[in-house]
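Geometric and topological summary
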Amino acid sequence: MKTDKAQMTAVIIGAVESTQVAIAAFARSDWNLALVVTLPPEAHSRHSDYVDLGPDAAKAGAALHHTRQVNNAETIAAIRAVNADYIFVIGWSQICGPEFCAIAPGRTVGYHPAAIPRLRGRAVIPWTILLDEKITAGSLFWIDDGVDSGPLLAQEFFHVAPDECAESLYAKHMQALASMMDGALVAIAGGSPPRKVQDERCATYATKRTKEDGLIDWSQPAVEIDRLVRAVGRPYPGAFIPVPGGQVTIWCSALPADGPHQEGQPGEVVEIDGASLTVATGDGLLRLEEWEGPEGYRPVKHAVLGN
């Protein structure tokens, strides 16, 4: 590894906006970003927030290596060939295997969009909203052989607003990551970066979510359905209900403060106001402010969405 007076060299692995944010941090620093490892464009469906990093790698002067599996022999060989001082895994969903971790032991940094040790695991931005978390954090940590369990390099806390949606929370994480990356690169180059051990007593784990988990159950209370809509909206696939000819995806909803005082069975449209629909739920009304359905689909008053 180089001394603190020599230019540090890095490899970054990722395929989403957070990877792009990290690449920009390298461009602002004195580091040499030698290699960007990312998904090939044809595999974009693996991440709903996929970003083609080819232009970013070119702008940073980094070589580009496409792979679907970071632990395969070809990719490990490409990373080893760079002889980087540090490896950054930011915006990559696969667990790094033992051979990968052996490339730069103790010098591999990950990013997790939660206040680890709370909410280690998968799909943590949606889970943060679904669990009605009041405060969360972005976390840079040293990757070890566990799941998001290594010592912390940096952590930035911020509030989760009562009406927070996936898109706005995602943006907060990008801002936190940009700030932390700038400081972390300076700290690492200085030779004594933080390594704060996580408190295992506080560890919780979030499970993987799929597109199907966005299915709306109108028998649930309006407040819970609204939370689901906010949690799985853009850049994720959205909350939805099946209808003849396809599905209706709800991108934005609201709890009416003083809407129509009507009762209806769960899923029944009780009011139509322009493009907005007010729907009865298992407890309360929900206004669907932005939605899209199959071509020509237009529900009428008293229709039950999903029937």
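So, here's what we can say about the structure. (Residues numbered from 1 in each chain as written. Predicted model: local features only at pLDDT ≥ 70, side-chain atom pairs only at ≥ 80, totals over all residues. Heavy atoms only, no water.)

**Notes on the overall build of the protein chain**
Across its full length, the protein chain carries seven helices and 14 strands. In terms of principal-axis extent, the alpha carbons of the protein chain reach across some 70 × 40 × 30 Å. The buried share among the 307 residues of the protein chain stands at 49%. Excluding contacts between residues fewer than 6 apart, the proportion of contacts in the protein chain whose partners are at least 24 apart in sequence is 67%. With an accessible surface of roughly 14,400 Å², the protein chain has 52% of that area assigned to carbon and sulfur atoms. If the 25 positive side-chain charges of the protein chain are averaged to one point and the 37 negative ones to another, these points end up 6 Å apart. (Helix = DSSP H or I, 4+ residues; strand = E, 2+ residues; numbered from the N terminus. Buried < 20%, exposed > 50% of the residue type's maximum accessible area, 1.4 Å probe, protein only. Contact = heavy atoms within 4.5 Å. Areas by Shrake-Rupley, 256 points an atom, 1.4 Å probe, with all protein chains shown as cover. Lys, Arg positive; Asp, Glu negative; His and termini not counted. Charge placed at Lys NZ, Arg CZ, Asp CG, Glu CD.)

**Topic: the layout of surface pockets**
If you add up the space inside the largest pocket, you get close to 1,300 Å³. Taken together, 48 residues make up the lining of the largest pocket; nearest its centre are His 47, Trp 92, Ser 93, Arg 122 and Ala 123. For the lining of the largest pocket, the elements supplying multiple residues, two or more each, are helix H4 (98-101), strand E5 (108-112), helix H5 (124-130) and helix H6 (166-190). Of the residues in the lining of the largest pocket, the class split is 22 nonpolar, 16 polar and ten charged. In terms of lining residues, the second largest pocket is bounded by 14 residues, among which Ser 29, Asp 30, Trp 31, Leu 185 and Ala 189 are the most central. Residue assignment for the lining of the second largest pocket shows that the elements contributing at least two residues are helix H1 (17-28) and H6. (1 Å grid on protein atoms, 1.4 Å probe; cavity = no way out; pocket = protein on both sides within 12 Å on 5 of 7 lines; lining within 4 Å. Points joined across faces, edges and corners; volume = space filled by probe spheres on them. Nonpolar A, V, L, I, M, F, W, Y, C, P; charged D, E, K, R; others polar.)

**Re a nonpolar patch on the surface**
A cluster of nonpolar side chains, Ile 95, Val 147 and Tyr 205, forms an exposed patch at the surface whose accessible area comes to about 310 Å². Residue position: Ile 95 is located in the loop between strand E4 (86-89) and H4. (Patch = residues over 30% accessible without salt bridge, like charges linked within 9 Å, V, L, I, M, F, W, Y side chains within 5 Å. Salt bridge = Lys/Arg side-chain N within 4 Å of Asp/Glu carboxyl O.)

**What to know about the sheet that holds E5**
The sheet built from seven strands is open, its strands ordered E3-E2-E1-E4-E5-E7-E8 with mixed pairing. Both edges of this open sheet fall to strand E3 (63-66) and strand E8 (152-159), since each of them pairs with a single strand only. Strand-to-strand twist in this sheet, taken as the mean axis angle between neighbours without regard to direction, amounts to 15 degrees. When strand E1 (residues 9-13) meets E4, the two strands line up parallel, connected through four bridges. (Pairing = 2+ DSSP bridges. Axes fitted to C-alpha atoms, helices over the stretch in contact; angles between N-to-C directions.)

**Side note on the environment of Ala 77**
Checked against the element boundaries, Ala 77 lands in helix H3 (residues 73-82). A residue is classified by how much of its surface remains accessible, and Ala 77, at 44% relative accessible area, is partly exposed. Along the backbone, Ala 77 and Phe 100 are 23 residues apart, and their C-alpha atoms lie at a distance of 9.7 Å.

**Notes on H3**
Every buried residue of H3 is accounted for by Thr 75, Ile 76 and Ile 79. Angularly, the buried residues of H3 cover 100 degrees about the axis, an arc narrow enough to put them on a single face. In H3, those exposed residues whose orientation departs by more than 90 degrees from the buried face are Ala 73, Glu 74 and Ala 81. Looking at the packing, one finds that the buried side of H3 touches E1, strand E2 (32-38), E3, E4 and H4. Downstream of H3 by one or two residues, Asn 83 has phi in the positive range, about 55 degrees. (Arc of directions from axis to C-beta.)

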